[in-house]
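# Survey of secondary and tertiary structure
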Amino acid sequence: MSQIDVAILMGSQSDVEVMREASNILHDFGVSNEMRVLSAHRTPQETAEYAEKFRDKGGKIFICGAGVSAALAGVVAAHTTLPVIGVPVNSGPLNGMDALLSTVQMPPGVPVAGVAIGKAGSKNAGLLAVRILSLSDESLAQKLHEFKENQRQKILDTRLN
């Protein structure tokens with residue numbers, strides 16, 4: 001198996017639809033990634049072990065998506081020194097607001113980068129991972145430049161009448 005740069009973890013199988021957006025972005029930029037279901041509450045030992053060993057396998061960044069209590073990103077951050085991006089999943093009775101607060105209200109010393117709730121956040125998590133990786137990869141930096149230029153051009157080409 002080749003090296004995986006980004007691990008996309010989610011707390012439940014029901015989060016796959018949201019988290020696939022991050023994977024799609026990473027694939028578009030040619031960044032290797034894998035998606036895994038690991039729960040902060042139901043598989044705490046396996047989650048900690050995965051987080052602790054990912055750097056040794058050449059991994060660089062975690063993207064963690066979870067809903068409701070959304071503890072996954074914090075648990076992963078507690079077990080690694082790699083960047084962790086938390087995606088609040090829009091599930092549960094508060095439609096992701098509880099997950100957002102759980103993701104961004106980390107104690108000092110356990111940083112987790114937070115993005116928007118749901119699919120938009122998942123896409124941005126993928127893009128944020130690409131931006132981090134582009135710091136040491138000029139070809140990714142060029143692809144990001146082209147991506148931004150394509151976004152710019154789409155707006156400029158928009159005609160309303």
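Residues numbered from 1 in each chain as written. Predicted model: local features only at pLDDT ≥ 70, side-chain atom pairs only at ≥ 80, totals over all residues. Heavy atoms only, no water.

What follows deals with the overall build of the chain. Tallying secondary structure elements over the chain gives six helices and five strands in all. Helices and strands appear in the chain in the N-to-C order β-α-β-α-β-α-β-α-β-α-α. In terms of overall dimensions, the chain is globule-like: its C-alpha atoms have a radius of gyration of 16 Å, near the 15 Å expected for 161 residues. Reported as C-alpha extents along the three principal axes, the dimensions of the chain are approximately 55 × 40 × 30 Å. Residue burial in the chain is summarised as follows: out of 161 residues, 43% are buried. For the chain, contacts bridging at least 24 residues in sequence account for 67% of all contacts bridging at least 6. (Helix = DSSP H or I, 4+ residues; strand = E, 2+ residues; numbered from the N terminus. Rg over C-alpha atoms; globule rule 2.2 N^0.38 Å. Buried < 20%, exposed > 50% of the residue type's maximum accessible area, 1.4 Å probe, protein only. Contact = heavy atoms within 4.5 Å.)

Turning our eyes to something else, we now look at the layout of surface pockets. Taken as a whole, the largest pocket encloses approximately 160 Å³ of empty space. Every residue lining the largest pocket is listed: Asp-5, Phe-29, Gly-30, Val-31, Ser-32, Lys-60, Leu-133, Ser-136, Asp-137, Ser-139, Leu-140 and Lys-143. At three residues, the largest contribution of residues to the lining of the largest pocket is made by helix α6 (residues 138-156). Among the residues forming the lining of the largest pocket, the class breakdown is four nonpolar, four polar and four charged. (1 Å grid on protein atoms, 1.4 Å probe; cavity = no way out; pocket = protein on both sides within 12 Å on 5 of 7 lines; lining within 4 Å. Points joined across faces, edges and corners; volume = space filled by probe spheres on them. Nonpolar A, V, L, I, M, F, W, Y, C, P; charged D, E, K, R; others polar.)

The parallel open sheet is built from five strands, whose spatial order is β2-β1-β3-β4-β5. The open sheet is flanked by β2 (33-37) and β5 (113-114), the only strands paired with a single partner. The strands touched by helix α5 (residues 118-134) within the sheet are β1 (6-10), β3 (61-66), β4 (84-88) and β5, with β4 carrying the most contacts at an inclination of about 170 degrees. (Pairing = 2+ DSSP bridges. Axes fitted to C-alpha atoms, helices over the stretch in contact; angles between N-to-C directions.)

Here the focus is the pairing of β3. Most of β3 is tucked away, with six of its six residues classed as buried. Direction of pairing for β1 relative to β3: parallel, over a ladder of five bridges. Its bridge partner being in β3, Ala-7 is matched across the sheet by Phe-62. The sheet contact formed by β3 and β4 spans five bridges and is parallel. By the bridge assignment, Ile-63 is partnered in β4 with Ile-85. Handedness of the crossover joining β3 and β4 through helix α3 (residues 72-78) is recorded here as right-handed. (Right-handed = clockwise from strand over helix to strand, strands pointing away.)

Our focus in this paragraph is the packing of aromatic side chains. According to the stated counting rule, one finds four aromatic pairs in the structure shown. When the centroid spacing of 6.3 Å and the interplanar angle of 70 degrees are considered together, the rings of Tyr-50 and Phe-62 count as edge-to-face. With a gap of twelve residues between them, Tyr-50 in helix α2 (residues 44-54) and Phe-62 in strand β3 connect regions that are remote in the sequence. Note on Tyr-50: relative accessible area 10%, which makes it buried. Taking the centre distance of 4.8 Å and the plane angle of 50 degrees together, the rings of Phe-54 and Phe-62 count as tilted. Phe-62 matches Phe-54 in its accessibility class, with the two residues each being buried. (Phe/Tyr/Trp six-rings, centres within 6.5 Å; stacked < 30°, edge-to-face > 60°.)

For the structure shown, the criterion picks out five salt bridges. Notably, a salt bridge pairs Lys-119 with Glu-17, separated by 3.0 Å at the nearest N-O pair. Residue Lys-119 is located in helix α5, and its partner Glu-17 is located in helix α1 (residues 16-28); the two are separated by 102 residues in the primary sequence. For Lys-123, the salt bridge goes to Glu-21, with nearest N and O atoms at 4.0 Å. Pair noted here: Lys-123 is in helix α5 and Glu-21 is in helix α1, with a separation of 102 residues, a long-range link. Residue Glu-21 is classed as buried on the basis of its relative accessible area, which comes to 17%. (Salt bridge = Lys/Arg side-chain N within 4 Å of Asp/Glu carboxyl O.)

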